[in-house]
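Examination of the molecular architecture
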Amino acid sequence: MTQEPDKQSRRDQILQSLALMLEEDSGKRITIASLARQVGVSEAALYRHFPSKARMFEGLIEFIEATLFERIRRILDDTPDALPRCQQIMMLLLGFAEKNPGLSRLLGGDVLTGETSRLRQRMNQLFERLETQLKQILREAEIREGRRTTLPAASAANLLLTYAEGCITQYVRSDFRRRPTEHWEAQWPVLANQLLMDVPHIARA
């Protein structure tokens with residue numbers, strides 16, 4: 001039992017080193033040998049904590065999921081209205097990618113090219129979950145606020161997520177020079193103004 005904190009600390013160190021390599025070695029394929037050198041241990045020591053490189057990537061994806069959806073739960077608890085909820089979730093996603101360049105390569109998907117399809121499916125599921133959350137918020141707006149999306153809710157949620165994915169892809173493609181939040185303050189009002197409309201009351205005879 002006393003060894004468990006050390007084991008967890010070493011796992012975290014490996015994942016942090018992998019995220020740093022994704023940031024510093026943008027465009028290069030990461031190998032177990034190069035990661036072992038980064039961590040300062042043998043390849044055998046890495047395998048004692050993770051059975052494969054794919055499992056290391058999964059560990060990073062799990063961290064992304066836990067971080068994003070824990071904060072989304074707080075947003076839903078603290079913010080009642082649909083537009084501020086969508087705004088804060090979008091800001092969360094873009095800001096997280098910007099502050100974690102290495103992890104943005106996972107979000108953008110480029111680093112998973114050539115890796116096991118399970119990893120790409122896992123990342124795809126993360127974005128599907130985000131899109132579902134946005135869609136649910138927009139659908140609830142009609143019931144809670146008397147407002148309806150100008151597009152079908154599914155299309156509107158997809159539009160928001162497509163915007164976020166595009167910003168993250170630009171960030172990765174520019175070697176982290178084009179920040180995902182660079183034009184956010186100017187572009188969000190345009191998106192928001194076209195997102196919801198008031199539902200007219202039907203006059204009764």
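**As for the packing of aromatic side chains**
According to the stated counting rule, one finds four aromatic pairs in the structure shown. Taking 6.4 Å as the distance between ring centres and 40 degrees as the angle between the ring planes, the aromatic pair formed by Phe63 and Phe96 counts as tilted. With Phe63 in helix H4 (residues 53-78) and Phe96 in helix H5 (residues 82-99), this residue pair connects regions lying 33 residues apart in the sequence. On the basis of relative accessibility, which here comes to 44%, the residue Phe63 falls in the partly exposed class. Each ring, one from Trp184 and one from Trp188, has its centre 5.2 Å from the other, and the planes form 20 degrees; the classification is stacked. Of the two residues, Trp184 and Trp188 both sit in helix H9 (residues 184-193), four residues apart, roughly one turn of that helix. In this structure Trp188 comes out as buried when scored by relative accessible area, which is 8%. Each residue in the set Tyr163, Trp184 and Trp188 is aromatic and connected to the rest through ring pairs, giving one cluster. Sitting over the ring of Phe69, Arg129 keeps its end group 3.7 Å from the ring centre.

**Considering the layout of surface pockets**
By volume, the largest pocket is sized at about 230 Å³. Elements represented by at least two residues in the lining of the largest pocket include exactly helix H1 (4-24), H4 and helix H6 (101-108). The greatest single-element share of the lining of the largest pocket, amounting to five residues, is contributed by H1. Of the residues assigned to the lining of the largest pocket, the class counts are six nonpolar, three polar and three charged.

**Quick notes on empty space enclosed by the protein**
The full count for this structure, using the stated rule, is one cavity of 30 Å³ or more. Empty space within the largest cavity amounts to approximately 30 Å³. As for the largest cavity, its lining consists of Ile89, Met90, Leu93, Leu130, Leu134 and Leu161. Within the residue set of the lining of the largest cavity, elements represented by two or more residues are H5 and helix H7 (117-145). Ranked by residues supplied to the lining of the largest cavity, first place goes to H5 with three residues. When the residues that make up the lining of the largest cavity are grouped by side-chain class, the tally is six nonpolar, no polar and no charged.

Conventions adopted
Residues numbered from 1 in each chain as written. Predicted model: local features only at pLDDT ≥ 70, side-chain atom pairs only at ≥ 80, totals over all residues. Heavy atoms only, no water. Phe/Tyr/Trp six-rings, centres within 6.5 Å; stacked < 30°, edge-to-face > 60°. Helix = DSSP H or I, 4+ residues; strand = E, 2+ residues; numbered from the N terminus. Buried < 20%, exposed > 50% of the residue type's maximum accessible area, 1.4 Å probe, protein only. Lys NZ or Arg CZ within 6 Å of the ring centre and 35° of its normal. 1 Å grid on protein atoms, 1.4 Å probe; cavity = no way out; pocket = protein on both sides within 12 Å on 5 of 7 lines; lining within 4 Å. Points joined across faces, edges and corners; volume = space filled by probe spheres on them. Nonpolar A, V, L, I, M, F, W, Y, C, P; charged D, E, K, R; others polar.

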